[in-house]
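# What the coordinates show
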Amino acid sequence: MKLQDISLTLPHKLSATLRISALFPGTSMSTPDFEDSSPDIAAALSPSSTLLVFLNGLILPRSSWSEAISRFLRIRDKQRRRSSTSSSCSSSSSYSSFNTRSKTGTRTGTVSEKNGSHGHTSKSAAAAGGSAGENGIHVPEIMKIPNILTYDRFGQGASDPDPNDPDPAVDDTPYGHTPEDVVDDLHQLLLLVSRQFLSRDLQELDVVIVANSIGCPLARLYNGRYHPDVRIVGYLFLDSMMANSDFVSVFPDPDAPGFDPAKDLREGVDEEALRWTRKQFKEKFHPSVGNPERLDRRGLRGLLPFSDKPKLRLPGDEKEQDQDATREGARKRIAVPRVIVIGHDWDVFAEHNEKFFSHHSPSPRLQGPMSIPKAVINGYMNPAWQRYNEGLTRLAAVDSESDGDENVVPVKIAKGCGHFIQKDDPEMVAREVDLLLRRLGL
């Protein structure tokens with residue numbers, strides 16, 4: 001199976017084209033493309049009530065998800081075939097593939113949890129999640145391929161510029177649409193997709209969001225704005241952007257009156273290194289810096305000042321969900337959303353900032369060496385990012401005061417990955433998406 005590229009226009013912005021890539025099983029868009037697929041696989045696919053939505057960061061377009069999605073589909077298709085031949089297959093056998101290492105020795109879904117220091121505590125994704133049937137992991141009686149949607153936001157990738165942005169020929173401002181505009185566009189897109197391609201109301205779908213970088217705060221804003229109208233049951237946050245940071249004040253100002261070298265300098269860091277780092281981050285990452293998409297980030301800190309709130313919500317309350325006899329079994333089990341947070345490898349990210357920011361970036365501004373010493377990134381930025389990620393894990397906590405909330409999954413670290421985790425280790429992302437869906441019973 002593969003995703004198909006489609007051009008759409010949204011009803012509130014008819015003068016601009018939005019490019020999406022999608023797979024909708026059980027519809028006319030179902031397409032066999034596996035080497036080992038039978039010719040009638042499209043007919044064998046059942047319609048799904050799950051919609052998997054991928055949200056881009058600022059730098060990489062929707063194509064950055066292609067490899068991870070392809071691998072996820074292969075994982076899911078194998079499970080589907082097993083479930084279709086034996087509805088009583090054991091939980092352990094269906095889960096065993098998650099912990100399989102490749103014969104070539106490459107990464108196949110290895111993550112780690114952060115320990116109390118700079119290092120990693122290695123743990124495979126399977127070990128972190130437990131065995132099937134434990135820790136909330138479910139194997140649906142009939143495994144389905146979910147609906148999948150990726151898209152380029154207006155001004156990004158193959159999509160047209162936002163028609164409501166200022167005309168660059170008249171107004172040379174780098175700013176255009178806001179994060180609120182983006183989530184409004186997303187909602188219009190999901191409404192269109194659910195009706196036109198899935199023949200369903202959006203509220204009938206279980207939506208799962210996979211996001212990287214700024215896509216993570218956009219997912220949070222979407223939930224806050226539209227949670228009464230859309231049922232988002234799961235989130236996979238891949239190295240979320242720190243929405244409440246200006247990326248400069250993370251590093252102490254050596255020229256500020258209260259600066260104390262004895263307290264403020266980390267090991268291996270001097271004042272000149274701090275000045276240089278603050279200059280680099282101000283020029284490249286400060287919210288006032290423009291971007292090709294013309295997404296205005298200046299107000300994001302005010303919209304999401306905390307990483308652990310507001311909480312992510314489902315429509316209605318638990319009592320209403322339990323009383324709704326028309327909902328599928330999986331829906332009755334999901335009382336609160338599931339959130340999985342994965343961060344970058346500290347040492348790899350520090351190395352990228354020392355030698356270059358991103359070899360994936362199409363923007364010349366983000367290519368080339370930044371020459372920031374690893375000690376600066378590991379001393380200030382990485383600990384701040386880890387604390388932010390830890391806050392994200394509590395977004396779906398039932399009891400925010402309880403450290404034992406079973407719905408709070410510790411932050412995972414994608415070993416060997418920088419900021420763009422879906423490009424650096426698509427196999428790990430594929431397996432984490434599959435794990436999240438099975439935790440939700442989907």
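In this convention, every chain numbers its residues from 1, walking through the sequence in written order. Local features in a predicted model are, by the rule used here, given only for residues with pLDDT of at least 70; side-chain atom pairs are given and counted only at 80 or more, and totals for whole chains, interfaces and linings are based on all residues. To get the side-chain values, all heavy atoms of the structure are used, and hydrogens and water are removed first.

### Focus on the environment of Met-370
- Secondary structure elements are defined from DSSP: runs of H or I of at least 4 residues count as helices, runs of E of at least 2 residues count as strands, and each element is numbered from the N terminus. By the secondary structure assignment, Met-370 is in the loop between helix 12 (346-355) and helix 13 (374-392).
- We call a residue buried when its accessible area falls under 20% of the maximum for its residue type, exposed when it is over 50%, and partly exposed in between, using a 1.4 Å probe and counting protein chains only. The exposure class assigned to Met-370 is buried, which follows from its relative accessible area of 0%.
- With 15 residues separating them in the primary sequence, Met-370 and Lys-355 have C-alpha atoms 6.2 Å apart.

### Comments concerning the side chain of Arg-153
- Among the structural elements, Arg-153 can be located in the loop between strand 6 (147-151) and helix 5 (179-196).
- In this structure Arg-153 comes out as buried when scored by relative accessible area, which is 4%.
- What qualifies as a polar contact is a pair of N or O atoms within 3.5 Å, subject to a donor-acceptor requirement within protein and to the restriction that residues adjacent in sequence count only when both atoms come from side chains. Of the polar contacts made by the side chain of Arg-153, one reaches the side chain of Glu-293; its length is 2.7 Å.
- Contacts are residue-level and defined by heavy atoms, with any inter-residue pair within 4.5 Å sufficient. With sequence-adjacent residues up to four places away left out, Arg-153 is seen in contact with Leu-18, Asn-56, Gly-57, Leu-58, Ser-159, Val-182, Ile-214, Leu-218 and Glu-293.

### Details of the pairing of strand 7 (residues 206-212)
- In terms of burial, strand 7 is a largely internal element, seven of the seven residues being buried.
- What you see with strand 7 is no split at all: Asp-206, Val-208, Val-210 and Asn-212 on one side and Val-207, Ile-209 and Ala-211 on the other are buried throughout.
- Strands were regarded as paired on the criterion that DSSP finds at least two bridges between them. Across six bridges, the pairing between strand 3 (residues 50-55) and strand 7 is parallel. Across the sheet, the residue bridging to Phe-54 is Val-210, located in strand 7.
- Pairing of strand 7 with strand 8 (residues 232-238), which is carried by six bridges, proceeds in the parallel orientation. Paired with Val-207 across the two strands is Ile-232, which belongs to strand 8.
- Once you follow strand 7 into helix 6 (residues 215-226) and on to strand 8, the crossover reads as right-handed. Crossovers are described as right-handed under a simple rule: with the strands pointing away from the observer, the path leading from the first strand over the helix to the second runs clockwise.

### Focus on the pairing of strand 3
- For strand 3, the buried fraction is high: six of the six residues fall into the buried class.
- Because side chains alternate across strand 3, one face comprises the buried residues Thr-50, Leu-52 and Phe-54, and the other comprises Leu-51, Val-53 and Leu-55, equally buried.
- Pairing of strand 3 with strand 6 involves four bridges; the strand directions are parallel. Across the sheet, the residue bridging to Leu-51 is Asn-147, located in strand 6.

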